[in-house]
Amino acid sequence: MISRPQDITASVSVPPSQDTCSGNSVHVTSTNSMNPPSPPSPIQTQMVSKTKTNTRGKYIGQGHDEMTMTTTTTAEKKRVSSGERSTSSSVPGWFPFAPTRRQIERLKVMELRDACQERGLAKNGKKADLQERLMEWTNDQHRKTVLERNALRNKSLLGGNPLEDVIQNELLADAVPPPVVPAEKRELSIAEKFSSDQEVDDYVEPLINRRKALLRSKNLSFIKTKKSERVNDDGDDDVDEEDSELVEDEDLILALNLQPTKDYLTDLKKTFDKNVSKAPNNYQVKQLYQKAKAADQVGDVKSAKKYLLQLQKVTPQDTRVIRRLARLESQEGNVDKAKKILQSALRSMPKSGDLLQGLGQLEVTCGNSQKARQYFREAILSSPKFPNPYHALATLEHSEGNIRVATAILRLGLKHCPTNHRLHHALGDLYREANMLDLAEKAYQKGLRCVELEAEESGKCLDWGKSFLYTALSYVYYDKGDIAECRKWLRKSIDSGNNNMHSQGWLGLAQLEESQHNFEQARKIYEEALTIYERHRGVLNVGKRRKHLKPPKLGDKWIHVYFSYARFEEKYGSDENVNNVYNRVATLFPKNYEVLVRWATFQRQRGRRDRAAALLELACKRAGNKDPKPYRLYAEFQMSAGDFKRARSILFLGAQSLSEFPDNPKQNEELARLFHTWAIVEWHLNKLDRTESLFDHSLRLVDGAENRALVLYSIARFLFNARKDYVLSQHCICLSLSETLTPDGSPGIWSLWAKVADAMSNMDLKEKCLLQLETLEAQESTKMTFDVSTHGLHGMMRRAPWQRKLLAPTNNKYDDSCWYKGISFPRISEHSN
């Protein structure tokens, strides 16, 4: 029996060692209730001098042993004892000394740097570097805590100097272990096994890992029970020699290499199998998602899909991964596959508002407004606090002219999501369109306050969201007639924070100066904006060598700034400047064939047919099987030169390329126009049966009242002039007029009907048609066509107010909105029987 001695305090004073980074001293204090005070041995002095200054540990043993060891820097020791931080530190008071990952991620950059400085760590680097540095330091503290706690427990059971063993364990990782003596030559005792250097290398790491699994096993609870039974009420140890030989401590079992039982191995296997099934580390998932996002932004669709598919296997319930994967498929034209991805995920998550909204957006893309409306409403009912379905449904209703319904939806969304700045922005757009400028300004200001509140709570910089609201406020002041205030808000949208890449602000500021006839100032703004963007993309020349050109990010809208600048130079500058702008934008967006189409149109207007033909041919190659528009424009260009056979070959190639591509509703409109142009080409070549068949294909694919009216008008002209089928021609005329009174923007269809009535000897109908023709010709046309690039439904609600002043009605027959006027129909005399 061991009697309990009086508590004795022993202080070990060691010459302080200076840390190379912080210069702080190391102090070691030990309190032992069993050993009398003794001067430090040489080995202790040597080991303490090597102890790292950024380590802090505290160990407390219960029962007859009680020992405390603390290793800190001077600043840390003062902070621990007083419970306060320096007044210059920005670290919150709730932040612990050894934080968790969640606590680390809540800190801002300055707080992270101060936290690193307090722990003697380097405070340079980005936010992610600081977080990882703190996390590694915390893990290191936990590892040392486990090592030292095990060493203390073992020494308390087997005897020896606990302080020396703890310090020795700290330095074993750096020490060179002595040569191992074979077991057959020398038999080690239990105490020797735990005091030798070889013990740590052979047992500590596997001991820690296996011990964690053992402690989680319920069947090992008898260990603690056995230990508690060996302690008497008065605190004395009551263990005899037989009990000491049968100690059930798991650390000793592993250290002595005892053969495990079958039950023990079964329990251990169950424990490890359970841990393997756990979800992967959140940090690894986050990094993988960031890789997928970065690949998506630079246009690397293949890599983005690879990362997203890996994430989908790991986190099948993450709707962000599913939505992004579906969007990539939709961008490539695989709309049906994108729907299947969302619908498959919706089966396991039927109440997911995010997935329902994604399906609604796909239906909007396909032109199915009713289905889209249904999905948006289901998303709102499933997730009332999710703001995106409110915004999407309001935008859809606004695009169809249901202003009152859109306003009611946005107000309902703000009732459930009062701090969402996008809903405030959309509501302000509706107010501005209704000329309720004060209400619009108030809505935009609320949106700005919401952005500031969100930035304060999340600790993120959200100046990008402010820039759009600043631009919207400039529209309000322009409508109020305050040009100076409008200019101030536009300048603020590109000067706030790091938002000099806000393309909408630069475009608005340049167009504002142009609307005020400040042409030189507008040109300077365009050049300043494009210089900033080109420097960002790495396209500016350094000496005579060009930097590496970065690919454009997903959703890059700067191409519209270049198009506006080209239009400006075409109107107020020289042809050389226009070609220079198109050359710059073609370099920055090499895969965008729309740039080549616009450039070819300009060359065609200037009479440079060779350049136009080369640009259109290159546009067709880049379009491939994505868009039939370049093929149609190139064929119409050849038709204008009278080369109908060449035009037929181009149209055939375009139709063949598109037929190999999956069905995409977005391409159906352009494909209908391609078949319409091809029908006219066959009409020129006197292939009437093929012409009629191609008109039929075009009519099946066409969508929209105006386009349908134009195709029916062409069929009526063909039946009247080529087939002499007056009855069927009149029928097509009536169908076309049921869609619109002037299909091609002119009353020519009434003249055709008068001719049909004359051929049918219906003089009364002929006079009525001629009277209607005179009436329409006398009226001034109120239909105005603007070359405004709208960015989908979202752009319809955010159109700048000065565009009507800048972009006058155009009679450009090569403009996309007047595609019908670019076609040369056969002359009647060529096909008279």
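Residues numbered from 1 in each chain as written. Predicted model: local features only at pLDDT ≥ 70, side-chain atom pairs only at ≥ 80, totals over all residues. Heavy atoms only, no water.

Remarks on the overall build of the chain
Check the secondary structure of the chain and you find 40 helices and four strands. Here the chain holds 833 residues, and the buried ones make up 44% of them. Counted over contacts in the chain with a minimum sequence separation of 6, partners at least 24 positions apart contribute 59%. Carbon and sulfur atoms form 50% of the exposed surface of the chain, whose accessible area is close to 45,300 Å². (Helix = DSSP H or I, 4+ residues; strand = E, 2+ residues; numbered from the N terminus. Buried < 20%, exposed > 50% of the residue type's maximum accessible area, 1.4 Å probe, protein only. Contact = heavy atoms within 4.5 Å. Areas by Shrake-Rupley, 256 points an atom, 1.4 Å probe, with all protein chains shown as cover.)

Quick look at the nonpolar core
One finds W558, Y582, I733, W750, W753 and W802 to be the most contacted residues of the largest nonpolar core, which totals 133 residues. If near-sequence neighbours (up to four positions away) are discounted, W753 is found in contact with Q730, I733, C734, L737, L765 and C769. Listed in part, the 25 residues of the second largest apolar core include L308, L325, L328 and Y375. (Core = buried A, V, L, I, M, F, W, Y, C linked by side-chain atoms within 4.5 Å.)

Examining unusual backbone geometry
Non-glycine residue N686 carries a positive phi angle of around 65°. Under the relative-accessibility criterion, N686 is labelled partly exposed at 47%. Its identity is not glycine, yet K724 carries a phi of approximately 60°, on the positive side. Within the secondary structure, K724 is located in the loop between helix 35 (705-723) and helix 36 (726-739). Residue K724 is classed as partly exposed on the basis of its relative accessible area of 32%.

A closer look at the pattern of salt bridges
The full count for this structure, using the stated rule, is 39 salt bridges. A salt bridge links E397 to R373; the shortest N-O distance between them is 2.6 Å. In this pair, E397 is assigned in helix 19 (residues 388-399) and R373 in helix 18 (residues 369-382), connecting sequence segments 24 residues apart. For E397, a relative accessible area of 3% translates into the label buried. Residue R373 is classed as buried on the basis of its relative accessible area of 9%. E485 is the salt-bridge partner of K488, the closest N and O atoms lying 2.7 Å from each other. A residue pair is termed a helical-turn pair when its members lie 3 or 4 positions apart in one helix, as K488 and E485 do in helix 24 (residues 483-495) at three residues. (Salt bridge = Lys/Arg side-chain N within 4 Å of Asp/Glu carboxyl O.)

Some points on helix 38 (residues 763-778)
Structurally, the α-helix is built with 3.6 residues per turn, so residues lying three or four positions apart point the same way. Taking 1.5 Å per residue, 16 residues should reach 22 Å; helix 38 reaches 23 Å between its end C-alpha atoms and fits that length. Of all the residues in helix 38, the buried ones are L765, C769, L773 and L776. Around the axis of helix 38, the buried residues are gathered within 80° of arc, so they sit on the same side. Opposite the buried face of helix 38, by more than 90 degrees, sit the exposed residues E767, K768, L771, E774 and A778. Elements that come into contact with the buried residues of helix 38 comprise helix 36 and helix 37 (748-759). (Expected span 1.5 Å × (residues − 1). Arc of directions from axis to C-beta.)

Some words on the packing of helix 20 (residues 403-416) against helix 21 (residues 421-433)
The geometry of helix 20 relative to helix 21 is characterised by a closest axis approach of 10 Å and an angle of 150° between their N-to-C directions. Here helix 20 lies roughly antiparallel to helix 21, going by the angle between them. Of the two possible hands of crossing, helix 20 and helix 21 adopt the one that is left-handed. On helix 21, the residues touching I403, A406, T407, L410, R411, G413 and L414 of helix 20 are L423, H424, A426, L427, L430, Y431 and E433. Each residue belonging to the contact of helix 20 with helix 21 can be placed in one class, and the counts come to nine nonpolar, three polar and two charged. (Axes fitted to C-alpha atoms, helices over the stretch in contact; angles between N-to-C directions. Parallel < 35°, antiparallel > 145°, perpendicular 65-115°, else oblique. Left-handed = near helix turned anticlockwise from the far one by under 90°. Nonpolar A, V, L, I, M, F, W, Y, C, P; charged D, E, K, R; others polar.)

Quick notes on the packing of aromatic side chains
In total, this model carries 22 aromatic pairs according to the counting rule given. With a centroid separation of 5.1 Å and an interplanar angle of 80°, the aromatic rings of F97 and W137 are classed as edge-to-face. A residue pair is termed long-range when its members are at least 10 positions apart, and F97 in the loop between helix 2 (74-82) and helix 3 (101-105) and W137 in helix 5 (residues 127-158) qualify at 40 residues. Relative accessible area serves as the criterion here: at 11%, F97 is assigned to the buried category. Their ring planes at 35° and their centres at 6.5 Å tell us that Y582 and F602 sit as a pair that is tilted. Taken together, the positions of Y582 in helix 28 (residues 575-588) and F602 in helix 29 (residues 593-605) put the pair 20 residues apart, joining distant regions of the chain. Classification of Y582 by relative accessible area gives buried; the value is 6%. With a relative accessible area of 1%, F602 lands in the buried category. Clustering of aromatic rings is evident, with ring pairs tying together F519, Y526, Y565, F568 and Y572. For the cation-ring pair, R717 lies above F825, with the distance from its terminal atom to the ring centre recorded as 3.8 Å. (Phe/Tyr/Trp six-rings, centres within 6.5 Å; stacked < 30°, edge-to-face > 60°. Lys NZ or Arg CZ within 6 Å of the ring centre and 35° of its normal.)

Topic: the side chain of H676
Structurally, H676 can be placed in helix 33 (residues 665-684). Exposure remark for H676: the relative accessible area of 0% places this residue in the buried category. Setting aside residues up to four positions removed in sequence, H676 forms contacts with F695, S698, L710, V711, S714, W819, Y820, I823 and F825.

What about the packing of helix 15 (residues 319-331) against helix 16 (residues 335-348)?
Running from amino to carboxyl end, helix 15 crosses helix 16 at an angle of 165°, the nearest separation of the two axes being 7 Å. The orientation of helix 15 relative to helix 16 falls into the category roughly antiparallel. By crossing handedness, the relation of helix 15 to helix 16 is classed as left-handed. Residues I322, R323, L325, A326, E329 and S330 of helix 15 pack against V335, K337, A338, I341, L342 and A345 of helix 16. Taken together, the residues of the contact of helix 15 with helix 16 sort by class into eight nonpolar, one polar and three charged.

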